[in-house]
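The primary structure of each chain is shown beneath.
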Amino acid sequence: MRASAFHLSTTREIPSGAETVSHQLMMRAGMIRQLASGLYTWLPLGLKVLRRVEQIVREEMDRSGALELLMPVVQPAELWQESGRWEQYGPELLRFADRHQRAFCLGPTHEEVITDLFRREIRSHRQLPVNFYQIQTKFRDEIRPRFGVMRAREFLMKDAYSFHLDTDCLDRTYQVMYETYTRIFTRLGLNFRAVRADSGSIGGSFSHEFHVLADAGEDAIAFSTGSDYAANVEMAAAVAPTGARPAPGLPMAPVAAPDGRAPQVKVHWMQGLGGQPVGLVLCEEHELNVIKAEKLSQLSAPLRPVTAEALAAMQDRSPHTGLTLIADHAAAILGDFTWFDAAAGKAWAHVNWGRDLPEPACADLRNVVPGDPSPEDAGTLDIARGIEVGHIFQLGTKYSAALDAQVLDEAGQSRTVTMGCYGIGVSRVVAAAIEQNHDERGIRWPLALAPFAVALAPLHYAKSAAVREATDALYAELQAAGISVLLDDRNLRPGVMFADLELIGIPHRVVISERSLGNHQVEYQARSEDTARLVGCGDIVALLRTEIIHQDHP
Ligand code: ATP
Ligand code: MG
């Protein structure tokens, strides 16, 4: 592609209202333009990247045995009433009426439509299992569309739905999808983790989210250095420490303030089931995990702090006066610690369980922190932020039961099928990839996603016949080799041209100038490197081929 014939539209200014790096860079590079809140046009440059994601997703879904189909965006209300979601879904579902005053919605997801198709289409267990997928526009009237295409209202999703006679079969397809997603995000060149989204109590493989690790992510992910264990921080179990409690020392005494040297605990006063105060005791450095605390039988859910009156009534209490206490495992093994009650504004030193306080009830009350032991292997936990780009889920019979999706089994009996569903946010992947791959100069595309693999940057293309001939020859040769290449024939000043090519993130750049051609050389630089090197004119195609041919491009 010649740049002069391709709508490249870059800007230096950071667009107002674009909070995240990916949103800024997608605007600045001329990949997307906003039409209205959460609605974007994909310009030719952006669309090339979107199509690359789509292509890899499609190839791997096909390889897994899933079958592509395409369902309508507009869906009749009756189906959603049948599943019960017409009432449940809330304002994210955009509803409207047609000219006959019949109710419809724009599909935020397609469980109802696919289950309806299934019940009309498939009769026998011999046609199972089957996994249908589509790559289709979704509409969700998000309460806060933001970060560009990361949380848009209209976006592109790959959604797949599988149907089975029993849960063993569902488990097998779920595993195949897990592996397929792993291949997809690996091929896309992304650093990602498969995160267990349930608590792990229902067998462990009920639902996984796939997260691209990036600072801009909305979720905190804990993952092990020792295995592929990863969980949302709220879900990850904090392993109870082993070992003996230190022996008590000096008698307990009130102090003006904690001295910072002794181990210190803090107490969160929450309402118990009957409204009475329950103290949740944690090490000073740990954070209370509300989700874990709400599961405790002694506490009310949702968790509520004690009332101001109840607190006032406790003002004079020292730690030993018969309060209900639940200690986090890490706080429960401390000895000779400082007790700091922020609500009472008081501290006591040399406090010991069993001597100054009753032996506490123990529970996992805290968020995990980096360096904690992994709950499932010998490694330790690390914490990073993640962007959810995919989700695999065992639905069971939720939709098949509601919509009567049945098949005849071997004995000729009608059986309700069991379902799984598997989503990838195709357009969100583009933004997530930028969050993970950029520098101060712009985007640094992983090769698999790059709109072009190579940029040819001739100096004085219009004026110098030698440069023009060498560039055109190289352009033809690269195209013949099947390498996608952008020839920047816009006759810009070199600094402006280089800045543009770096902003849009093309992985390989070749500069052709009269000076280097004098030595039968061109200048090559990878986007990931800081310096250029001279390469013989006869060697550059071979070099680019080895850089590109074995990787996932074009
Ligand atoms: P989130 O928690 O981010 O709202 P979700 O749980 O609603 O996601 P799913 O219903 O599982 O998402 O949809 C499948 C995938 O679609 C998600 O993993 C995500 O990558 C993508 N996705 C969801 N909502 C949006 C959106 N508003 N804009 C872009 N992509 C989205
Ligand atoms: Mg959502």
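Because the structure is predicted, anything quoted here is derived from the model rather than measured.

1. Some words on the overall build of the chain
No. 1: The helix and strand inventory of the chain stands at 15 helices and 30 strands.
No. 2: In terms of its C-alpha atoms, the chain occupies a principal-axis envelope of roughly 95 × 70 × 45 Å.
No. 3: When burial is assessed residue by residue, the chain has 52% of its 554 residues classed as buried.
No. 4: Relative to all contacts within the chain whose residues are 6 or more apart in sequence, the contacts with residues 24 or more apart total 69%.
No. 5: Surface summary for the chain: the accessible area is close to 24,700 Å², and the carbon and sulfur share equals 52%.
No. 6: For the chain, the separation between the mean place of its 54 positive charges and that of its 69 negative charges on side chains is 4 Å.

2. Section: the sheet that holds strand 26 (residues 454-458)
No. 1: With respect to topology, 5 strands assemble into an open sheet ordered 27-26-28-29-30, the strand pairing being mixed. Each end of this open sheet is capped by a strand with a single partner; those strands are strand 27 (485-487) and strand 30 (533-536). The mean inter-strand angle of the sheet, taken between neighbouring strand axes irrespective of direction, is 30°.
No. 2: When strand 29 (residues 521-526) meets strand 30, the two strands line up antiparallel, connected through 4 bridges. Note on strand 30: the bridge partner recorded for Glu-523 is Leu-534.
No. 3: With respect to the sheet, helix 13 (residues 494-504) is in contact with strand 26, strand 27 and strand 28 (508-512), its orientation differing from that of strand 26 by roughly 175°.

3. Quick notes on the packing of helix 2 (residues 44-63) against helix 11 (residues 426-436)
No. 1: The interhelical angle for the contact between helix 2 and helix 11, taken along N-to-C directions, is 115°, at an axis separation of 9 Å. Taken as axis vectors, helix 2 and helix 11 run roughly perpendicular relative to one another. The two elements helix 2 and helix 11 meet at a crossing, and its hand is right-handed. Residues Val-49, Leu-50, Val-53 and Glu-54 of helix 2 lie in contact with helix 11, whose contacting residues are Val-426, Ser-427, Val-429 and Val-430.
No. 2: Tallied by class, the residues present in the contact of helix 2 with helix 11 amount to 6 nonpolar, 1 polar and 1 charged.

4. Details of the state of the cysteines
Think of a disulfide as a covalent bridge from one cysteine sulfur atom to another cysteine sulfur atom.
No. 1: Scanning all chains against the criterion turns up 0 disulfides.
No. 2: The closest cysteine sulfur to the non-disulfide-bonded Cys-169 is located on Cys-421, 16 Å from its own sulfur.
No. 3: Given a relative accessible area of 11%, Cys-169 falls into the buried group.
No. 4: Between Cys-362, a free cysteine, and Cys-283, which holds the nearest cysteine sulfur, the sulfur-to-sulfur gap is 12 Å.

5. Some thoughts on the confidence of the model for the chain
No. 1: In the predicted model, the chain carries a mean pLDDT of 93, and the fraction of residues at 70 or more is 96%.
No. 2: Note on residues 199-204: pLDDT is under 50 here. Beyond four places in sequence and across chains, it has 4 contacts.

6. Here's the deal with unusual backbone geometry
No. 1: Cis peptide bonds are those with omega within 30 degrees of zero, and the linkage from Leu-128 to Pro-129 qualifies with -5°.
No. 2: By the element assignment, Pro-129 lies in the loop between helix 5 (111-121) and strand 7 (130-139).
No. 3: Residues Ala-301 and Pro-302 are joined by a peptide bond in cis, for which omega reads 0°.
No. 4: Backbone geometry places Gln-101, a non-glycine residue, at a positive phi of 65°.
No. 5: Its location among the elements puts Gln-101 in the loop between strand 5 (95-97) and strand 6 (103-106).
No. 6: Backbone geometry places His-520, a non-glycine residue, at a positive phi of 55°.
No. 7: Structurally, His-520 can be placed in the loop between helix 14 (514-518) and strand 29.
No. 8: Overall, the relative accessible area of 60% leaves His-520 in the exposed class.

7. Notes on the environment of Leu-79
No. 1: Mapping Leu-79 onto the fold places it in helix 3 (residues 77-83).
No. 2: The exposure class assigned to Leu-79 is buried, which follows from its relative accessible area of 9%.
No. 3: It is 9.7 Å that separates the C-alpha atoms of Leu-79 and Glu-111, two residues lying 32 residues apart in sequence.
No. 4: Not counting chain neighbours up to four residues away, the residues in contact with Leu-79 comprise Glu-112, Val-113, Asp-116, Arg-119 and Leu-403.

8. Examining the site of ligand 1
No. 1: Around ligand 1 lies a shell of 14 residues, among which Arg-140, Glu-142, Arg-151, Ala-152 and Glu-388 are the nearest.
No. 2: Within the side chain of Glu-142, one N or O atom sits 2.8 Å away from a nitrogen atom of ligand 1.
No. 3: Backbone polar atom of Ala-152 to a nitrogen atom of ligand 1: 2.8 Å apart, as the coordinates give it.
No. 4: A molecule is said to occupy a pocket when more than half its atoms come within 2 Å of that pocket's grid points, and by this definition ligand 1 occupies the largest pocket.
No. 5: Broken down by element, the residue count for the shell around ligand 1 peaks at 4 residues, all from strand 20 (residues 381-396).
No. 6: Class assignment for the residues of the shell around ligand 1 results in 6 nonpolar, 3 polar and 5 charged.

9. Here's the deal with the sheet that holds strand 4 (residues 74-76)
No. 1: With antiparallel pairing, 3 strands are arranged side by side in an open sheet as 4-6-5. In this open sheet, the two edge strands, each paired with only one partner strand, are strand 4 and strand 5. On average, each strand axis in the sheet is inclined to that of its neighbour by 40°, with strand direction left out of account.
No. 2: Inspection of the sheet shows strand 5 paired to strand 6 by 3 bridges, in the antiparallel sense. Counted as the bridge partner of Phe-96 is Phe-104 from strand 6.

Criteria and cut-off values
Residues numbered from 1 in each chain as written. Chains lettered and ligands numbered in written order. Predicted model: local features only at pLDDT ≥ 70, side-chain atom pairs only at ≥ 80, totals over all residues. Heavy atoms only, no water. Helix = DSSP H or I, 4+ residues; strand = E, 2+ residues; numbered from the N terminus. Buried < 20%, exposed > 50% of the residue type's maximum accessible area, 1.4 Å probe, protein only. Contact = heavy atoms within 4.5 Å. Areas by Shrake-Rupley, 256 points an atom, 1.4 Å probe, with all protein chains shown as cover. Lys, Arg positive; Asp, Glu negative; His and termini not counted. Charge placed at Lys NZ, Arg CZ, Asp CG, Glu CD. Pairing = 2+ DSSP bridges. Axes fitted to C-alpha atoms, helices over the stretch in contact; angles between N-to-C directions. Parallel < 35°, antiparallel > 145°, perpendicular 65-115°, else oblique. Left-handed = near helix turned anticlockwise from the far one by under 90°. Nonpolar A, V, L, I, M, F, W, Y, C, P; charged D, E, K, R; others polar. Disulfide = S-S within 2.5 Å. pLDDT = per-residue confidence, 0-100. Near = heavy atom within 4 Å. Polar contact = N/O pair within 3.5 Å; in protein donor to acceptor, adjacent residues only side chain to side chain. 1 Å grid on protein atoms, 1.4 Å probe; cavity = no way out; pocket = protein on both sides within 12 Å on 5 of 7 lines; lining within 4 Å. Sits in = over half its atoms within 2 Å of the grid points.

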